[in-house]
Amino acid sequence: MNPSASGANLPALRSHNAALVLGLLRSATVYASGAAPGADGGISRLELAERTGLTPQAVSKITARLRAEGLVEEAGRRASTGGKPRTELRLVAGARHAVGLHLDGERLTAVLTDLTGRTVACREAPLDLGLPVGPALDAIVHEVRAAIAAAPGPVLGVGVGMRGPLDHRTGTLHRVTGFPHWQHHPLRATLATRLGLPVALDKNTNAAALSVLAEAPPAGDGDDAGPLRPEGGDAAGAAPAGAVGDSAPLSASAARRASFAYVHLGAGLGAGLVLGGEVYRGGRTGAGEFGHQVVELGGELCKCGNRGCLEALCLAAVGRGDVAGAARLLGVGAANLVALLDIDRVVLGGRAVHAAPDVFATQVAAVLAEYGRSVPVGFAAAGPRAVAEGAALLVLAPLFGGALGTAALA
């Protein structure tokens, strides 16, 4: 049994223990749907007890409460192997929902997800954050309310992913790159008041990194169920060094030790960092300002006010149609990250990347190899919706134990 996934048989830790149980049920649902669409993804009470370290009596009480809340249901009986057939339980994925919002500066994407984080509805609309704050907020609230209205059941809250700098702890924006008039705006509190729902706020890159991390099943008893979609890697599901392609979801134990960078090139450039299985935000919440590393002294003027920032150079290359050049610049920045943090892989995303995925994956991998930093390069399973789905997980993740729960906001 993995110690980080063990439960405690104390009344004060009921919510913690319930999160561990829900995390394992979510893991089974996600794994079953990936391995065999339509599979039940059930786990017996005995298995839950074994994997959490809780007593069977504690598990029975927790699952009874979760069933009463409509979060868990019976999934039938497993064929007997000599003893009494075990009744399996499964997560009721549609029992609750969350809204994830991606504000990229030019467009708004709102997704409605179930408890597994799977998108069940999606809305997109133009939204210029250069607008005055009042009209922009009106547009945001309109789209979120429309997403909420599409929910077939209760909505737990709204997660927002947008460019920084910002403080996810207070929900307040700092001097947002390119949109300084949003500085000091308490976006989380404003939206919570207008929507009447809990709201979580984080940088777009951190949200997307959480989405990538959530591709892995939460930790179980120390024996992994295995990766969901291995892409020709080793037994742990990792792609070979220098490989290019979809990012293979991590196994449970791999998720606990995962260290990777999600690099996002869209209207801006940033990175979400996962170190030791948790999203790293920094002591002052400023980690991941990847685009503002200066790589050319006296170079292009950046929206942040400095010159030669990687973001300015990449966006200039994209603007003049030099996609390969932008990809190689991105590779230089990625090589710096790998050298500095010794991360295991690079995950690419963002509107510019998804417009030419093969070019970016190939060129970034090539530059990494040239710099002697060969690590796997791939894409988030959620594709262009990685930020929005990760934003929804900011709301959902605290319900679950394991790597997903600890990586989310406190």
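Located above this text is the structure these notes cover.
Everything quoted here is computed from the prediction, not taken from an experiment. (Residues numbered from 1 in each chain as written. Predicted model: local features only at pLDDT ≥ 70, side-chain atom pairs only at ≥ 80, totals over all residues. Heavy atoms only, no water.)

Observations regarding the overall build of the protein
Item 1. On a plain count of helices and strands, the protein comes out with 13 helices and 15 strands.
Item 2. Scored against the burial criterion, the 410 residues of the protein give a buried share of 55%.
Item 3. The long-range fraction of contacts in the protein, counting pairs at least 24 apart against all pairs at least 6 apart in sequence, stands at 64%.
Item 4. When the accessible surface of the protein is summed, it comes to about 16,400 Å², and 53% of that surface belongs to carbon and sulfur atoms. (Helix = DSSP H or I, 4+ residues; strand = E, 2+ residues; numbered from the N terminus. Buried < 20%, exposed > 50% of the residue type's maximum accessible area, 1.4 Å probe, protein only. Contact = heavy atoms within 4.5 Å. Areas by Shrake-Rupley, 256 points an atom, 1.4 Å probe, with all protein chains shown as cover.)

Focus: the packing of helix α6 (residues 204-213) against helix α12 (residues 386-396)
Item 1. Where α6 meets α12, the axes come as close as 7 Å, and the angle between the chain directions of the two elements is 80 degrees. On the basis of the axis angle, α6 is roughly perpendicular to α12. For the pair α6 and α12, the contacting residues are Asn 204, Ala 207, Ala 208, Leu 210 and Ser 211 in the first and Ala 386, Val 387, Glu 389, Gly 390, Ala 391, Leu 393 and Leu 394 in the second. (Axes fitted to C-alpha atoms, helices over the stretch in contact; angles between N-to-C directions. Parallel < 35°, antiparallel > 145°, perpendicular 65-115°, else oblique.)

Focus on the sheet that holds strand β2 (residues 72-77)
Item 1. Strand order in the open sheet formed by 3 strands is β1-β3-β2, with antiparallel pairing between adjacent strands. In the strand order of this sheet, the two ends are held by β1 (43-44) and β2, each with one partner.
Item 2. Of the pairings in the sheet, the one linking β1 to strand β3 (residues 87-91) comprises 2 bridges and is antiparallel in character. In the strand pairing of β3, Ile 43 is matched with Leu 89. (Pairing = 2+ DSSP bridges.)

A short note on the pattern of salt bridges
Item 1. Applying the stated criterion across every chain yields a total of 13 salt bridges.
Item 2. When the shortest N-O distance is used, the salt bridge between Glu 106 and Arg 351 registers 3.4 Å. With Glu 106 in the loop between β4 (97-103) and β5 (107-113) and Arg 351 in helix α10 (residues 351-355), this residue pair connects regions lying 245 residues apart in the sequence.
Item 3. When its relative accessible area of 46% is taken as the criterion, Glu 106 is described as partly exposed.
Item 4. Residue Arg 351 is classed as partly exposed on the basis of its relative accessible area of 39%.
Item 5. Salt bridges sharing common partners tie together Asp 104, Glu 106 and Arg 351. (Salt bridge = Lys/Arg side-chain N within 4 Å of Asp/Glu carboxyl O.)

Structural notes on the packing of aromatic side chains
Item 1. Counted under the stated rule, the structure contains 0 aromatic pairs.
Item 2. Just above the ring of Phe 400 sits the side chain of Arg 26; from NZ or CZ to the centre is 5.9 Å.
Item 3. Between the NZ or CZ atom of Arg 345 and the centre of the ring of Phe 260, over which it lies, the distance is 4.8 Å. (Phe/Tyr/Trp six-rings, centres within 6.5 Å; stacked < 30°, edge-to-face > 60°. Lys NZ or Arg CZ within 6 Å of the ring centre and 35° of its normal.)

Things to note about the pairing of strand β11 (residues 260-265)
Item 1. The buried fraction of β11 amounts to 6 of the 6 residues, a majority that puts the element mostly inside the structure.
Item 2. Side chains Phe 260, Tyr 262 and His 264 of β11 all project onto a buried face; the interleaved residues Ala 261, Val 263 and Leu 265 project onto the opposite face, where all are buried too.
Item 3. Taken together, the 6 bridges between β11 and strand β12 (residues 269-275) define a ladder with antiparallel strand orientation. Bridge pairing in β12 links Leu 265 to Leu 269.
Item 4. Connecting the antiparallel pair β11 and β12 is a turn made up of 3 residues.

Considerations on the environment of Ala 397
Item 1. Relative to the assigned elements, Ala 397 resides in the loop between α12 and α13 (402-407).
Item 2. Owing to a relative accessible area of 0%, Ala 397 belongs among the buried residues under this scheme.
Item 3. Placed 183 residues apart in sequence, Ala 397 and Ala 214 show a C-alpha to C-alpha distance of 8.8 Å.

Quick notes on the packing of helix α4 (residues 133-149) against helix α5 (residues 187-195)
Any two packed helices are characterised by how steeply their axes cross, that is the angle between the axes, and by the distance between the axes.
Item 1. At their nearest, the axes of α4 and α5 sit 11 Å apart, and the two run at 55 degrees to each other. If you check the angle between α4 and α5, you find them oblique. By crossing handedness, the relation of α4 to α5 is classed as right-handed. Between α4, through Leu 137, Asp 138, Ile 140, Val 141, Val 144 and Arg 145, and α5, the contact on the second element is made entirely by Leu 187, Thr 190, Leu 191, Arg 194 and Leu 195. (Left-handed = near helix turned anticlockwise from the far one by under 90°.)

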